[in-house]
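Single-letter residue listing:
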Amino acid sequence: LSLTATTDAESAYKDADFIIVAAPTNYDPKTNFFDCSAVEAVLSLIKTVTDKKKKKPTIVIKSTIPVGYTVQVREKLGMDNIIFSPEFLRESKALYDNLYPSRIIVGFDEANKEAAETFAALLRQGAIKTNIPILFMATTEAEATKLFVNTYLALRVSYFNELDTYAEVKGLNTANII
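Residues numbered from 1 in each chain as written. Predicted model: local features only at pLDDT ≥ 70, side-chain atom pairs only at ≥ 80, totals over all residues. Heavy atoms only, no water.

### A closer look at the side chain of S63
Logical step 1: Tracing the backbone through its elements, the reader meets S63 in the loop between strand 4 (58-61) and helix 3 (69-77).
Logical step 2: At 2.6 Å, the side chain of S63 and the backbone oxygen of A23 are in polar contact.
Logical step 3: The contacts of S63, once residues within four sequence positions are left out, are V21, A22, A23, T25, V39 and F84. (Helix = DSSP H or I, 4+ residues; strand = E, 2+ residues; numbered from the N terminus. Polar contact = N/O pair within 3.5 Å; in protein donor to acceptor, adjacent residues only side chain to side chain. Contact = heavy atoms within 4.5 Å.)

Following this line, the structure appears as structure tokens:
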């Protein structure tokens, strides 16, 4: 394994087959929108560097983005080589969750089917866990899956926090109730 770190976009992107974009996208509760400016800035830079290449690299967005963003940004930037693959990482468990993923999801359209299959195989190959379910779907479905999984987990945490508070007030054993 040979890893090289660089801030030079030209050298990073020029010979790449896949480029993974994992830029921050903070949710703004005042506007009810994700701030995808960092993702879009990276995509614009990739486009500038790779525009003259005959064979374009496949760009894989890993950031949490709104439903429909991949289709929208493809049209806006004129880039049909973008797919979406959500990650399901717990805080402080990112390496473990990549080595032992519960599932691999790749969202693509028909034009990117082969690249999506290759990328999913690379993720599976990089994991220690075997027999990882791979789910292929449209990009908008993959985006929705990521958001609904996040929502479900947040609801679950809130639910168990409330249960624990109730049990504590009533002098009950939370573990027994669960």
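### Regarding helix 6 (residues 139-170)
Logical step 1: For helix 6, which comprises 32 residues, the first-to-last C-alpha distance of 47 Å matches the rise-based estimate of 46 Å (1.5 Å per residue) to within 8%.
Logical step 2: Within helix 6, the full set of buried residues consists of T139, A142, E143, A144, K146, L147, V149, L163 and A167.
Logical step 3: Residues of helix 6 that are buried in the fold lie against strand 3 (33-34), helix 3, strand 5 (82-84), strand 6 (104-107), strand 7 (134-137) and helix 7 (174-177). (Expected span 1.5 Å × (residues − 1). Buried < 20%, exposed > 50% of the residue type's maximum accessible area, 1.4 Å probe, protein only.)

### Examining the packing of aromatic side chains
Logical step 1: Counted under the stated rule, the structure contains five aromatic pairs.
Logical step 2: Measuring from centroid to centroid gives 5.2 Å for Y27 and F34, while their planes differ by 65°, and the two rings are edge-to-face.
Logical step 3: We classify Y27 as partly exposed; its relative accessible area is 44%.
Logical step 4: Ring plane angle 25° and centroid distance 4.7 Å describe the contact between Y96 and Y100, whose orientation is recorded as stacked.
Logical step 5: Accessibility expressed as a relative area gives 45% for Y96, which makes it partly exposed.
Logical step 6: In this structure Y100 comes out as partly exposed when scored by relative accessible area, which is 34%. (Phe/Tyr/Trp six-rings, centres within 6.5 Å; stacked < 30°, edge-to-face > 60°.)

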